[in-house]
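# Results of the structural survey
Each chain is listed here by its residues.
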Amino acid sequence: MPLPLKERVKTVLKRVEEACLRSNRDPGDVRVVAVTKTVDVERIKEAIDAGLRIFGENYVQEAREKIEALKAFDIEWHFIGHLQRNKAKDAVRLFRMIHTVDSLRLAQELDKRAGAIGRKVDVLIQVNLSGEETKSGIAREDLEALVRGVGGLENLSLLGLMTLPPYFEDPEGARPFFRALRMLRDEVEERTGAELRELSMGMSHDFEVAIEEGATLVRIGSAIFGPRDR
Ligand SMILES: *Cc1c(COP(=O)(O)O)cnc(C)c1O
């Protein structure tokens, strides 16, 4: 018998809190983004009932139906997948925050589309720290220019950085990547004057390490909803 969702949520929140205390951080500074790809609306309602308020989706199409079905609830939606420019118009309408901006062209398109509907959208820049070609994200050497570019766009609020390290059996393997993102953030803040307070890093299997290294948004799917089939 799998544990009821409420129990899973409680356990995750407790682990978040413990990781904060271990690293002298205020638990209020770390927010859980419950990742709902492949998870249906009924199950998301259970998660809302268990106290979760921020939900993350990877695909605009999949998200649209869920967001519409759940629009009566006081929750927020974050986009965490790879975003194509032709989906920018829908993305700014549906999501409060987009974690995966990785080019100025995409940012400009989002800015234009947000402006057209009179919205201001929170964004993070996704950084590819491992150099893996299969991963999206901007290379670290191009980050400073992108921060300056996005910072100049009227309808986007640049709040921080996101990364997705390679998978390691031992979550400690991801620690150098999480640390590198935090140090890169500090460096780019210093050089540009931008304030990048959010660090979106850590998933089910390594979120505690990410919190120890400064994560403010942890994106957690399977630890809450159980394993995904697809
Ligand atoms: C699926 C996904 C997650 C959540 O993964 P889990 O291992 O199930 O916690 C987090 N971030 C991104 C970008 C994802 O695609």
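Residues numbered from 1 in each chain as written. Predicted model: local features only at pLDDT ≥ 70, side-chain atom pairs only at ≥ 80, totals over all residues. Heavy atoms only, no water.

## Brief notes about the overall build of the chain
Check the secondary structure of the chain and you find nine helices and nine strands. Relative to its length of 230 residues, the chain is compact, with a C-alpha radius of gyration of 17 Å against a globular reference of 17 Å. For the C-alpha atoms alone, the extent of the chain along its principal axes is close to 50 × 40 × 30 Å. Put simply, the chain has 230 residues, and 52% of those count as buried. In the chain, the share of contacts with a sequence separation of at least 24, taken over all contacts with a separation of at least 6, comes to 60%. When the accessible area of the chain is evaluated, it comes to approximately 11,400 Å², of which 47% is carbon and sulfur surface. Charged side chains of the chain number 37 positive and 40 negative; the gap between the two group centres comes to 4 Å. (Helix = DSSP H or I, 4+ residues; strand = E, 2+ residues; numbered from the N terminus. Rg over C-alpha atoms; globule rule 2.2 N^0.38 Å. Buried < 20%, exposed > 50% of the residue type's maximum accessible area, 1.4 Å probe, protein only. Contact = heavy atoms within 4.5 Å. Areas by Shrake-Rupley, 256 points an atom, 1.4 Å probe, with all protein chains shown as cover. Lys, Arg positive; Asp, Glu negative; His and termini not counted. Charge placed at Lys NZ, Arg CZ, Asp CG, Glu CD.)

## Some words on the layout of surface pockets
Roughly 500 Å³ of volume is contained in the largest pocket. Every residue lining the largest pocket is counted, 27 residues in all, and those nearest its centre are Lys37, Asn58, Leu164, Met203 and Arg219. For the lining of the largest pocket, a count of residues per class yields eleven nonpolar, eleven polar and five charged. Volume-wise, the second largest pocket comes out at about 170 Å³. Lining of the second largest pocket is provided by Lys37, Asn58, Tyr59, Val60, Gln61, Phe79, Gly81, His82, Leu83, Gln84 and Lys87. In terms of residue class, the lining of the second largest pocket is made up of four nonpolar, five polar and two charged. (1 Å grid on protein atoms, 1.4 Å probe; cavity = no way out; pocket = protein on both sides within 12 Å on 5 of 7 lines; lining within 4 Å. Points joined across faces, edges and corners; volume = space filled by probe spheres on them. Nonpolar A, V, L, I, M, F, W, Y, C, P; charged D, E, K, R; others polar.)

## Let's talk about unusual backbone geometry
In this structure, Asn24 is a non-glycine residue whose phi angle is positive, near 55°. On the secondary structure map, Asn24 appears in the loop between helix 1 (5-22) and strand 1 (31-35). Classification of Asn24 as exposed rests on a relative accessible area of 75%. With a phi close to 70°, Thr38 is a non-glycine residue in the positive phi region. Tracing the sequence through the fold places Thr38 in the loop between strand 1 and helix 2 (41-49). On the basis of relative accessible area, Thr38 is assigned to the partly exposed category, the value being 34%.

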